[in-house]
Amino acid sequence: MTTTTGKVNAESPRPGGNIAAFFDLDKTIIAKSSTLAFSKPFFDQGLINRRAVLKSSYAQFLFLLSGADHDQMERMRAHIAAMSAGWDVEQIRSIVAETLHDIVDPLVFAEAADLIADHKLRGHDVVIVSASGEEIVGPIAEALGADFSTATQMEVEDGRYNGTVAFYCYGEGKVEAMNALAESRNYDLSRCFAYSDSITDLPMLHAVGNPTAVNPDRALRKEAASLGWPILTFSNPVSLRSRIQAPSGTTVAASAAVFFSALLAGAVTYGLLRRKP
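Here goes a summary of the coordinates provided. None of the values given here were measured: they were computed from a predicted structure.

Rules and cut-offs
Per-chain numbering applies: the sequence of each chain, read as written, is numbered from 1 onward. For a predicted model such as this one, the threshold for reporting local features is a pLDDT of at least 70, and the threshold for listing and counting side-chain atom pairs is 80 or more; totals across whole chains, interfaces and linings nevertheless cover every residue. With hydrogens and water excluded, all non-hydrogen atoms of the structure serve as input to the side-chain values. Secondary structure counts use DSSP, requiring at least four H or I residues in a row for a helix and at least two E residues in a row for a strand, with both numbered from the N terminus. Under the scheme applied here, a residue whose accessible area is under 20% of the maximum for its type counts as buried, over 50% as exposed, and between as partly exposed, the area being computed with a 1.4 Å probe on protein chains only. The contact rule is simple, with two residues in contact once any of their heavy atoms fall within 4.5 Å. Using the Shrake-Rupley algorithm and a 1.4 Å probe, accessible areas are obtained, with residue cover drawn only from the displayed protein chains. Here a pair means two rings of Phe, Tyr or Trp (six-membered ring of Trp) with centres within 6.5 Å. Their orientation is stacked below 30 degrees between planes, edge-to-face above 60, and tilted elsewhere. By convention a nonpolar core is built from buried Ala, Val, Leu, Ile, Met, Phe, Trp, Tyr and Cys residues, the set being connected through side-chain atoms within 4.5 Å. We call two strands paired when DSSP finds no fewer than two bridges between them. Look down the strands so they point away from you; if going from the first strand over the helix to the second traces a clockwise path, that crossover is right-handed. A helix's residues, less one, multiplied by 1.5 Å, set its expected span. The angle between two axes is taken between their N-to-C directions and runs from 0 to 180 degrees, where each axis is a line fitted to C-alpha atoms and a helix contributes only its stretch in contact. When an angle is under 35 degrees it counts as roughly parallel; over 145 it counts as roughly antiparallel; between 65 and 115 it counts as roughly perpendicular; any other value is oblique. Crossing handedness: left-handed means the near helix sits turned counterclockwise from the far one by under a right angle, and right-handed means the same turn made clockwise. Basically, the charged four are Asp, Glu, Lys and Arg, the nonpolar ten are Ala, Val, Leu, Ile, Met, Phe, Trp, Tyr, Cys and Pro, and anything else, Gly included, counts as polar.

### Some thoughts on the overall build of the protein
Step number 1: Each helix and strand counted, the protein has 11 helices and 8 strands in total.
Step number 2: Looking at the 277 residues of the protein, the share that counts as buried comes to 47%.
Step number 3: Partitioning the intrachain contacts of the protein with sequence separation of at least 6 by distance along the chain shows that 69% fall at a separation of at least 24.
Step number 4: Of the roughly 13500 Å² of accessible surface on the protein, 56% is carried by carbon and sulfur atoms.

Printed below as a string of C-alpha cells:
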C-alpha cells in the first residue's frame with residue numbers, strides 16, 4: 001500500500017517514536033487534481049479522446065469550485081479504472097516522467113513548499129498520501145522532496161492495467177496506509193501532523209495528534225472550527241524551479257547562499273506556525 005520515495009532515514013528512532021507530516025496532494029500541495037492535470041498529455045498519446053479531455057476539464061472546474069464529496073470520489077474511481085483498462089503501465093510512467101515538471105511545477109503552492117521544508121528542517125519525515133495513482137503521485141512526491149508516498153494502486157496483468165483497483169488510497173484507506181507506514185517507521189501518530197483540504201480526509205486528520213485543514217471545503221472548515229483545528233489558506237501557486245537558483249559551478253559561495261536561504265525560509269515558517277513536535 002505504500003511506495004517509498006527518496007531515501008530512508010537511517011537515524012535511530014526517537015524516544016516515543018518518530019514524527020511524520022502526512023500531506024494530501026490535490027488542493028493541499030498543488031492547486032489542481034493531479035490525475036486530471038495529465039489529461040492533455042494522455043490525449044496527445046492517444047490514450048483518451050477529445051470527449052474525455054472535455055469531461056476532465058469540466059471535472060477540474062467542479063473540483064476547484066467545490067472540492068469532491070464521497071459520491072464524486074467513488075464515481076471518479078470507477079471512471080478512471082474503466083478508462084485506464086488496457087493502458088500500458090510503462091507508457092504511463094514515461095508520459096508522467098516527460099511532462100511532470102511542465103504540468104506540476106507551476107501548480108505547487110509556495111506555502112506548501114515552505115511547510116514541507118519546515119518539517120524536513122525539524123527532522124520530520126514527509127509523506128504524501130493521495131487518492132491519485134501511484135504512477136503520478138510517486139514522481140510528484142520525489143520532486144517535492146518527500147520521504148515516502150502512498151497512493152491508489154491498479155491491478156496489472158502482462159504490463160497493462162486490467163481496470164480493477166487493487167488499493168484505493170481514500171478515506172479509511174489512507175488511514176490503513178498511514179498505520180502500516182507508522183508501524184514500519186516507528187511513527188508516533190499522536191505526535192505526527194496531517195494536512196488536507198477535504199472532508200473526505202477526516203479519517204486521515206483524526207489519525208494524528210496535529211491535524212490542520214488547508215484550503216478546506218465548507219464541510220471540513222466547519223468541522224475544523226468546531227474541533228479547534230488550525231486552518232491554513234494556500235493561495236500562491238508558483239514554479240518550484242523559479243524558487244531554486246542554479247549553482248554557478250565556479251563559486252561555492254553561491255551554493256552556500258541557496259542552502260542558507262532554504263534554512264531561513266524553513267525557520268521563518270516555523271516561527272509563524274509556532275508549532276512544537
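What follows picks up the thread again.
### Focus on the packing of aromatic side chains
Step number 1: Evaluation of the coordinates by the stated rule reveals 4 aromatic pairs.
Step number 2: Seen from their ring centres, phenylalanine 109 and phenylalanine 234 are 6.2 Å apart, and the 55° between their planes marks the pair as tilted. Placement of phenylalanine 109 in the loop between helix H5 (89–104) and helix H6 (110–121) and of phenylalanine 234 in the loop between strand S8 (231–232) and helix H11 (252–273) is noted, with a sequence separation of 125 residues between them.
Step number 3: On the accessibility criterion, phenylalanine 109 (6% relative accessible area) is buried.

### Digging into the nonpolar core
Step number 1: Among the nonpolar cores identified, the biggest contains 37 residues, and Phe23, Leu25, Ile29 and Ile128 are the most heavily contacted of them.
Step number 2: In terms of residue count, H5 provides more of this core than any other element does, 6 residues in total.
Step number 3: Excluding residues within four positions of it along the chain, isoleucine 128 makes contact with Phe23, Leu25, Ile29, Val137, Ala141, Leu144, Ala146, Phe148, Ser149 and Thr150.
Step number 4: By size, the runner-up hydrophobic cluster in this structure holds 23 residues, among which are Phe167, Tyr187, Cys192 and Leu220.

### What to know about unusual backbone geometry
A negative phi angle is the norm for most residues apart from glycine, just as the trans form is the norm for most peptide bonds.
Step number 1: The phi torsion at aspartate 158 lies on the positive side, around 55°, for a residue other than glycine.
Step number 2: Relative to the helices and strands, aspartate 158 resides in the loop between strand S4 (148–157) and strand S5 (160–167).
Step number 3: One non-glycine residue, asparagine 215, lies in positive phi territory at about 45°.
Step number 4: Note on placement: asparagine 215 falls in the loop between strand S7 (210–214) and helix H10 (218–227).
Step number 5: Accessibility expressed as a relative area gives 16% for asparagine 215, which makes it buried.

### Structural notes on the pairing of S7
Step number 1: For S7, a buried count of 4 out of 5 residues is recorded, marking the element as mostly surrounded by other parts of the structure.
Step number 2: Relative to S7, strand S6 (residues 193–196) runs parallel, the two being bridged by 4 bridges. The residue bridging phenylalanine 193 from the neighbouring strand is asparagine 210, located in S7.
Step number 3: As defined by bridge partners, S7 adjoins S8 across 2 bridges and the pair is classed as parallel. For valine 214, the partnering residue across the bridge sits in S8 and is leucine 232.
Step number 4: What joins S7 to S8 is H10, and the crossover it makes is right-handed.

### What to know about the pairing of S5
For a regular strand, side-chain orientation follows a simple rule: the groups alternate between the two sheet faces.
Step number 1: The pairing of S4 with S5 spans 4 bridges and is classified as antiparallel. For glutamine 153, the partnering residue across the bridge sits in S5 and is phenylalanine 167.

### A short note on H6
Step number 1: The end-to-end C-alpha distance of H6, which contains 12 residues, comes to 16 Å, matching closely the 16 Å that a straight helix rising 1.5 Å per residue would cover.
Step number 2: Among the residues of H6, Ala110, Ala112, Ala113, Leu115, Ile116, Asp118 and His119 are the ones counted as buried.

### Section: the packing of H5 against helix H7 (residues 134–144)
Step number 1: Running from N to C, H5 and H7 point in directions that differ by 40°, and their axes come no closer than 9 Å. Classed by the angle they form, the pair H5 and H7 counts as oblique. H7 is crossed by H5, and the crossing has right-handed handedness. Each of Val89, Ile92, Arg93, Val96, Leu100, His101 and Val104 in H5 lies in contact with H7, whose residues at this interface are Glu135, Ile136, Pro139, Ile140 and Ala143.
Step number 2: Split by residue class, the contact of H5 with H7 holds 9 nonpolar, 1 polar and 2 charged.

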